[in-house]
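Structure assessment
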Amino acid sequence: MDIPVLWMYGELDRSHPGLFDLDMLEKMNKPNFKLELLKDTTHELTNINTNEISQEIIQKSMAWMASLGL
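Residues numbered from 1 in each chain as written. Predicted model: local features only at pLDDT ≥ 70, side-chain atom pairs only at ≥ 80, totals over all residues. Heavy atoms only, no water.

Within the chain, D40 stands out as a residue other than glycine whose phi angle is a positive 55°. When you line up the elements, D40 lands in the loop between β2 (33–38) and α2 (55–67). Taking the relative accessible area as the measure of exposure, D40 reaches 22% and is therefore partly exposed. Positioned with a positive phi, L45 is a non-glycine residue whose angle comes to about 65°. As for its position among the elements, L45 is in the loop between β2 and α2. Take L45: its relative accessible area is 19%, and that puts it in the buried class. (Helix = DSSP H or I, 4+ residues; strand = E, 2+ residues; numbered from the N terminus. Buried < 20%, exposed > 50% of the residue type's maximum accessible area, 1.4 Å probe, protein only.)

Printed below as a string of structure tokens:
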């Protein structure tokens, strides 16, 4: 892919090995890829403490879009 891509993974994802994916994506060395590992977050990207969508998703998504001028 040559378009900007934001990859977000939950730190506590037990369904999918996000750390493995992040390692592979980093090795691709694609400047258009932004990688985020969300603290205290599950596969569904919900926060384990609040059981709601992680506020970090919103913050990081908005910052990423702003960096693209969107």
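Within helix α1 (residues 18–28), the full set of buried residues consists of G18, D21, L22 and L25. Here the buried residues of α1 occupy an arc of 100° about the axis, which is enough to place them on one side. Exposed side of α1, more than 90 degrees from the buried face: L19, F20 and K27 are the residues found there. Looking at the packing, one finds that the buried side of α1 touches β1 (5–10) and β2. Within two residues after α1, N29 carries a phi angle of roughly 55°, on the positive side. (Arc of directions from axis to C-beta. Contact = heavy atoms within 4.5 Å.)

Residue position: S61 is located in helix α2. Here I57 takes part through its backbone oxygen, which lies 2.7 Å from a polar atom of the side chain of S61. (Polar contact = N/O pair within 3.5 Å; in protein donor to acceptor, adjacent residues only side chain to side chain.)

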